[in-house]
Each structure stands twice: as C-alpha cells, then as structure tokens.
Amino acid sequence: MTSHQTTQTMKPATAAKKLGVYLEATPAEFQEGVVSRSELNALQADPPEWLQELRRNGPHPRPVVAAKLGISISGLARGSITDALTTEQIEALKKELPEWLQKERATQAEVRKEAVRIKEKNAEKQAERDDQTR
C-alpha cells in the first residue's frame, strides 16, 4: 500500500504573516492563491525582488512596526497607529520621538526588566528543587 501525502497549504494571510510582510502590499497573484509549505520555504530561502522590497521599505505590518519602534503592538494602538507604516514613516517617528512613543518605550523596557527578573527567580527556584532532589 502506498500512502499519498497531501501538500500542506496555507492562506495568503498566514504566509504573509510568516514572511513578515503586509498582505495588502503583496502582488495580486500572492493574495489570490494558496501557498504551499515548499513555496513558503522557497520564498524565505531566496526572496524575490517584490519580497525584498517589501521587507526593506514596507509598508510593514503592525508587529514589524512595533518591533522597529521598540514597543508593543498594544503600544501602537495607544499611540493611535492602526495602519501599516513604511520604513520612511517609522524612521520619521523615531526622529520626532513623540511623547507617546517615549512613554511606550519606557513601558516596554519595564516589561522586559520584569520578564528577566521573573525568569531569574524561576531559575533560582528550579535550582533549589534540583538541589533538594540530589
């Protein structure tokens, strides 16, 4: 008996998310089709010009915008940024450094510090448990 393996495919929105690009800015043939796992791997390994251009100049999806600004996606919403931004717009925001962005960066820094503190505390507890079991 031979087993037939079906090709794993995904919606364009899922593929765009995995590629880190804004779906509405991708070519029509990408938006209208389905993407197989092998096609996604090929796009990641050897990105075509349109993908390189999108990654370089945008428009970028909100997770990428948030990462480039050093804030959370929620922080973007609090700053009234709900649309995709280009690299140029992101750089302008970084130069302008509005008050909301400064506040969100400070908040993000506190969140990161707290995450490190919790991780260290959990590591200490685990080390104590390991010592007790020996």
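Residues numbered from 1 in each chain as written. Predicted model: local features only at pLDDT ≥ 70, side-chain atom pairs only at ≥ 80, totals over all residues. Heavy atoms only, no water.

> So what exactly am I meant to see when it comes to helix H8 (residues 99-132) here?
An α-helix turns once per 3.6 residues; consequently, residues spaced three or four apart project the same way. Its 34 residues give H8 an end-to-end C-alpha distance of 50 Å, which sits within 8% of 50 Å, the value for a rise of 1.5 Å per residue. Burial in H8 covers these residues: Leu-101, Glu-104 and Gln-108. Where the residues of H8 are buried, they touch helix H5 (62-69), helix H6 (73-78) and helix H7 (87-96). (Helix = DSSP H or I, 4+ residues; strand = E, 2+ residues; numbered from the N terminus. Expected span 1.5 Å × (residues − 1). Buried < 20%, exposed > 50% of the residue type's maximum accessible area, 1.4 Å probe, protein only. Contact = heavy atoms within 4.5 Å.)

> Please explain the pattern of salt bridges as it appears in this structure.
Opposite charge on two side chains permits them to pair, given that their charged atoms come into close proximity. One pass over the structure, following the stated rule, counts six salt bridges. One salt bridge connects Glu-53 with Arg-56, and the closest N-O pair in it is separated by 3.3 Å. Of this pair, Glu-53 and Arg-56 both sit in helix H4 (residues 49-57), three residues apart, which is roughly one turn of that helix. Put simply, Lys-94 and Glu-91 hold a salt bridge, and the shortest N to O gap is 3.6 Å. Of this pair, Lys-94 and Glu-91 both sit in helix H7, separated by three residues, roughly a single helical turn. Residue class for Lys-94 comes out partly exposed when judged on its relative accessible area of 29%. In the salt-bridge network here, residues are joined through shared partners; they are Glu-49, Glu-53 and Arg-56. (Salt bridge = Lys/Arg side-chain N within 4 Å of Asp/Glu carboxyl O.)

> I tried to follow unusual backbone geometry on my own but got confused; where do I start?
Glycine aside, residues mostly have negative phi, and peptide bonds are mostly found in the trans state. With omega at 10°, the peptide bond leading from Gly-58 into Pro-59 counts as cis. Mapped onto the elements, Pro-59 comes out in the loop between H4 and H5. Even without being glycine, Leu-97 reaches a positive phi, approximately 45°. As for its placement among the helices and strands, Leu-97 is situated in the loop between H7 and H8.

> For this particular structure, what's the right way to read the environment of Gly-70?
With respect to the secondary-structure elements, Gly-70 resides in the loop between H5 and H6. Among the residues examined, Gly-70 registers a relative accessible area of 22% and is labelled partly exposed. Taking the C-alpha atoms as reference points, Gly-70 and Arg-105, separated by 35 residues in sequence, lie 6.1 Å from one another. Apart from residues no more than four positions distant in its own chain, Gly-70 is found in contact with Arg-105, Gln-108 and Arg-112.

> Just checking my understanding: could you explain the packing of helix H1 (residues 12-19) against helix H3 (residues 37-45) for this structure?
Packed helix pairs are specified by the crossing angle of their axes together with the interaxial distance, meaning the distance between the axes. Their axes nearest at 11 Å, the elements H1 and H3 cross at an angle of 30°. With respect to each other, H1 and H3 are oriented roughly parallel. Note that H1 runs across H3; the crossing there is right-handed. Touching Ala-15, Lys-18 and Leu-19 of H1 are Arg-37, Leu-40, Leu-43 and Gln-44, all from H3. Per-class residue counts for the contact of H1 with H3 are four nonpolar, one polar and two charged. (Axes fitted to C-alpha atoms, helices over the stretch in contact; angles between N-to-C directions. Parallel < 35°, antiparallel > 145°, perpendicular 65-115°, else oblique. Left-handed = near helix turned anticlockwise from the far one by under 90°. Nonpolar A, V, L, I, M, F, W, Y, C, P; charged D, E, K, R; others polar.)

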